[in-house]
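# Working through the structure, step by step
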Amino acid sequence: MSIQEQLAGIRQKMDEAARRAGRSPETVTLEAATKVQTSERIREAIAAGIRVCGENRVQEFNAHWADGAYEGAEVHFIGHLQKNKVKYLVGKVSLIESVDSPELLGAIAQRACRLGVRQDILLEVNIGREESKSGVLPENLPALAAQAGAMEGIRLRGLMAIPPVAEVPGGNSQYFAEMYQLFIDMREKKYDNEVSIDCLSMGMSDDFEEAIAHGSTLVRIGTALFGKRPPMRVRG
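Residues numbered from 1 in each chain as written. Predicted model: local features only at pLDDT ≥ 70, side-chain atom pairs only at ≥ 80, totals over all residues. Heavy atoms only, no water.

When helices and strands are tallied, the protein shows 8 helices and 8 strands. Radius of gyration (C-alpha) of the protein: 17 Å, near the 18 Å computed for a compact globule of 236 residues. In terms of its C-alpha atoms, the protein occupies a principal-axis envelope of roughly 50 × 45 × 35 Å. Counting the 236 residues in the protein, one finds 48% classified as buried. In the protein, the share of contacts with a sequence separation of at least 24, taken over all contacts with a separation of at least 6, comes to 60%. (Helix = DSSP H or I, 4+ residues; strand = E, 2+ residues; numbered from the N terminus. Rg over C-alpha atoms; globule rule 2.2 N^0.38 Å. Buried < 20%, exposed > 50% of the residue type's maximum accessible area, 1.4 Å probe, protein only. Contact = heavy atoms within 4.5 Å.)

This part is about the layout of surface pockets. In this model, the largest pocket occupies a volume close to 790 Å³. When residues of the lining of the largest pocket are traced back to their parent elements, those giving at least two are α7 (208–213) and β8 (218–221). Counting residues per element, the lining of the largest pocket draws most heavily on α7, which supplies 3 residues. (1 Å grid on protein atoms, 1.4 Å probe; cavity = no way out; pocket = protein on both sides within 12 Å on 5 of 7 lines; lining within 4 Å. Points joined across faces, edges and corners; volume = space filled by probe spheres on them.)

Let us look at helix α4 (residues 102–115). The first and last C-alpha atoms of α4 sit 20 Å apart over 14 residues, in line with the 20 Å expected at 1.5 Å per residue. Among all positions in α4, only Leu 104, Leu 105, Ala 107, Ile 108, Ala 109 and Ala 112 are buried. Of the surrounding elements, those touching the buried residues of α4 are β4 (95–99), β5 (119–125), α5 (141–149) and β6 (154–161). In the stretch just after α4, Gly 116 is the one whose phi turns positive, near 75 degrees. (Expected span 1.5 Å × (residues − 1).)

Grouped together as the largest cluster of nonpolar side chains are 65 residues, with contacts concentrated most on Ile 121, Leu 123 and Leu 159. Sequence-distant contacts of Ile 121, that is, excluding residues within four places in its chain, are made with Leu 95, Ile 96, Val 99, Leu 105, Ile 108, Ala 148, Ile 154, Arg 155, Leu 156, Arg 157 and Gly 158. (Core = buried A, V, L, I, M, F, W, Y, C linked by side-chain atoms within 4.5 Å.)

Purely geometric numbers; function is a separate question.
Right, dumping it as structure tokens:
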């Protein structure tokens, strides 16, 4: 099926999941995870109705940005981010979803202040406590959130998580429920700078309906929208 046909099916499932949870479908945003996609495929997705793209790699973001591939949509960064690459994103992407350390937070704030902008961020939580994944551990989240809330150049918008791969349908329910509680707890806190805790980014192609049932406001969809990812290009 075409991207437009795939998108229609995904939106229908999202809407139904939201209504089952007693929520308005408008409270959930679909983010197209554009990892390893070409500029042409990104343009096709935007033409079909995608309004948010999520990039995993700074190098790919730079290439697509220079190519004008994102015209008509906002861009989020959703991959692991190194401090030395912050300069390529701040002031360009509307949201950095993968902030997981005081050092990265400080680098983003410093760059934002230098540019005279306020960078929206999410804090990534390693909700499954997996050694192979980045993210702040739940018990360390309050301190990192307080630090983000006190920094100039930063606007804390909420949380992001990539739970463990579920072996069975519904296998991530506990993680989504834990993330929602962390999100609610954060919304009740008071911070020094301008904050707007309104975004809970969780749920991907295999579990976005379950994530919506547990309060997700932003689902990151790649394979279900674009099909199986092409192989990564190997540089010689």
